[in-house]
Amino acid sequence: MIGALTLLLLCQLAGELLARLCGLPVPGPVLGLVMLFVICVARGSMPEPLRETSQTILRHLSLLFVPAGVGVMVHAARIESEWVAILVALLVSAVLTIAVTALVFRWVARWSGTGGEAP
Amino acid sequence: MMPRFGDVWVYLSATPLLWLTATLAAYVAAFWLYQRAGQNPLVNPVAVSVAALVAVLIVSGTDYPTYFNGAQFVHFLLGPATVAIAVPLHLNFAVVRRNLVPMVAALLAGSVTAAVSVVGIAYALGASRETLLSLAPKSVTAPIAMGIAEQIGGVPSLTAVLVILTGITGAMIAKPVLNFLGIRDWPARGFAVGLTAHGIGTARAFQVNEVAGTFAGIAMGLNGLATAFLVPLLAALLG
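How each quantity is defined
Residues numbered from 1 in each chain as written. Chains lettered and ligands numbered in written order. Predicted model: local features only at pLDDT ≥ 70, side-chain atom pairs only at ≥ 80, totals over all residues. Helix = DSSP H or I, 4+ residues; strand = E, 2+ residues; numbered from the N terminus. Rg over C-alpha atoms; globule rule 2.2 N^0.38 Å. Buried ≥ 20, exposed ≤ 12 C-beta atoms within 10 Å, placed from the backbone. Contact = placed C-beta atoms within 7 Å. Domains from an automatic or database assignment. Core = buried A, V, L, I, M, F, W, Y, C linked by C-beta atoms within 7 Å. Expected span 1.5 Å × (residues − 1). Arc of directions from axis to C-beta. Nonpolar A, V, L, I, M, F, W, Y, C, P; charged D, E, K, R; others polar.

**Student:** Could you clarify how one ought to interpret the overall build of chain A in this entry?
**Tutor:** The number of helices and strands found in chain A is six helices and zero strands. When the helices and strands of chain A are read in sequence order from the N terminus, they spell out α-α-α-α-α-α. Computed over its C-alpha atoms, the radius of gyration of chain A comes to 20 Å, more than 25% above the 14 Å expected for a compact globule of 119 residues. Overall, chain A is about 50 × 45 × 30 Å in size when its C-alpha atoms are taken along their principal axes. Counting all 119 residues of chain A, 43% fall into the buried class. Looking at chain A alone, contacts between residues at least 24 apart form 31% of all its contacts between residues at least 6 apart.

Okay, structure coming up:
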């Protein structure tokens, strides 16, 4: 588990370094994701501790958003004065985004004859 | 002699222990409630924990920086968790490859819809310029969205809050919207939820189905990349 955690942190660190040194607009952790994926493909197999550690972290991903969410108290004044615009925009945009994404996914899957879960 | 409660409070409020524990305890309780409610998306564990913690902080007169001093250890894990998405991506690579064409099309359509619709609606309803710039990257996972907001002149900490509100909203409305549209396959459902509601949608998707969760995770990563290029471009175009 310590080894797996170290690997995750190393990938993130390498991603941060790459993003900063090359001035890429992409966040470091996303580059770290790509690197870890390449490592897994190159290795051909998934080490059991890495699988376990990652799945444990991802299962409780929503916990990790709580500290930033509590920051709502800092912006209470702004949200109070603009709450109609903010809430309507967030809600309508979420409905539109989910609908457009899912519909385009389905149309293109049918049109191109790809997609589906079973081989 | 018993130490006075006030002294204990002064000691505890100066260490990260108290608010770190409070964050985990609030989440454990909220997650229990969520399970008890049959994983009803309206009882979203992030929304419930945030509401409970804000109430406790206000009642105890604690400011956000003091709270965050303890909670930052949880916040920090967002980075390694983003990297960890490579694991389900690799494990489900065969399904992912089969859905590559629809994924790319849905990614482009979805990331443009997310940014343009939120800014357009908020602008029409008279939101301030700072709020608009902070709203633009709202469908992207927090660490990425905050970077984008900073780049285009938004307020990163406000963006973090808007991102979380988006995630909670997305996780709540996904099921009725997708059922209404008759979208049944897990790749399409997961991808739409992850693109719209980033990590909070992905967490919800993983609780429902592993394939959906994987596609949600991929959508979250890809939308992070796409939006990081798209939103600064749009902001430059609009001046």
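**Student:** It is not clear to me how the domain arrangement of chain A should be interpreted in this structure. Could you clarify?
**Tutor:** For an interface, size is often stated in terms of accessible area lost upon the parts coming together. Annotation of chain A at the domain level lists domain 1 (1-59) and domain 2 (68-119). A separation of 27 Å is found between the C-alpha centroids of domain 1 of chain A and domain 2 of chain A.

**Student:** Sorry, what's going on with the nonpolar core here?
**Tutor:** The nonpolar side chains of a soluble globular protein tend to be buried with one another. Counting 115 residues, the largest nonpolar core has V118, A122, I164 and F191 of chain B as the members making the most contacts within it. The residues contacting I164 of chain B, other than those within four sequence positions of it, are F65, A68 and G69 of chain A together with V46 and I200 of chain B.

**Student:** Explain helix 1 (residues 2-22) of chain A here, please?
**Tutor:** Residues lying three or four places apart along an α-helix face the same way, a consequence of the helix completing one turn every 3.6 residues. Residue and element names in this part refer to chain A. For helix 1, spanning 21 residues, the distance from its first C-alpha to its last is 30 Å, which sits close to the expected 30 Å at 1.5 Å a residue. Within the span of helix 1, buried status applies to A4, L7, L8, C11, Q12 and G15. End-on view of helix 1: buried residues confined to an arc of 130 degrees, all on one side of the axis. In helix 1, those exposed residues whose orientation departs by more than 90 degrees from the buried face are I2, G3, T6, R20 and L21.

**Student:** Got a minute to help me understand the environment of P143 of chain B in this structure?
**Tutor:** With respect to the element layout, P143 of chain B can be found in helix 10 (residues 142-152). Taking the C-alpha atoms as reference, P143 of chain B lies 20 Å from G110 of chain B; in sequence the two are 33 residues apart. In this structure P143 of chain B touches P27 and P29 of chain A together with L78, G79 and T82 of chain B, once residues within four positions along its chain are discounted.

**Student:** Help me understand the domain arrangement of chain B, please; the structure alone is not making it clear to me.
**Tutor:** Residues and elements named next belong to chain B. Considered domain by domain, chain B is made up of domain 1 (5-76) and domain 2 (82-238). For domain 1 and domain 2, the distance between their C-alpha centroids amounts to 26 Å. Listed per partner, the contact involves six residues of domain 1 and nine residues of domain 2. Of the residues that constitute the side of domain 1 that touches domain 2, the class distribution is four nonpolar, two polar and no charged.

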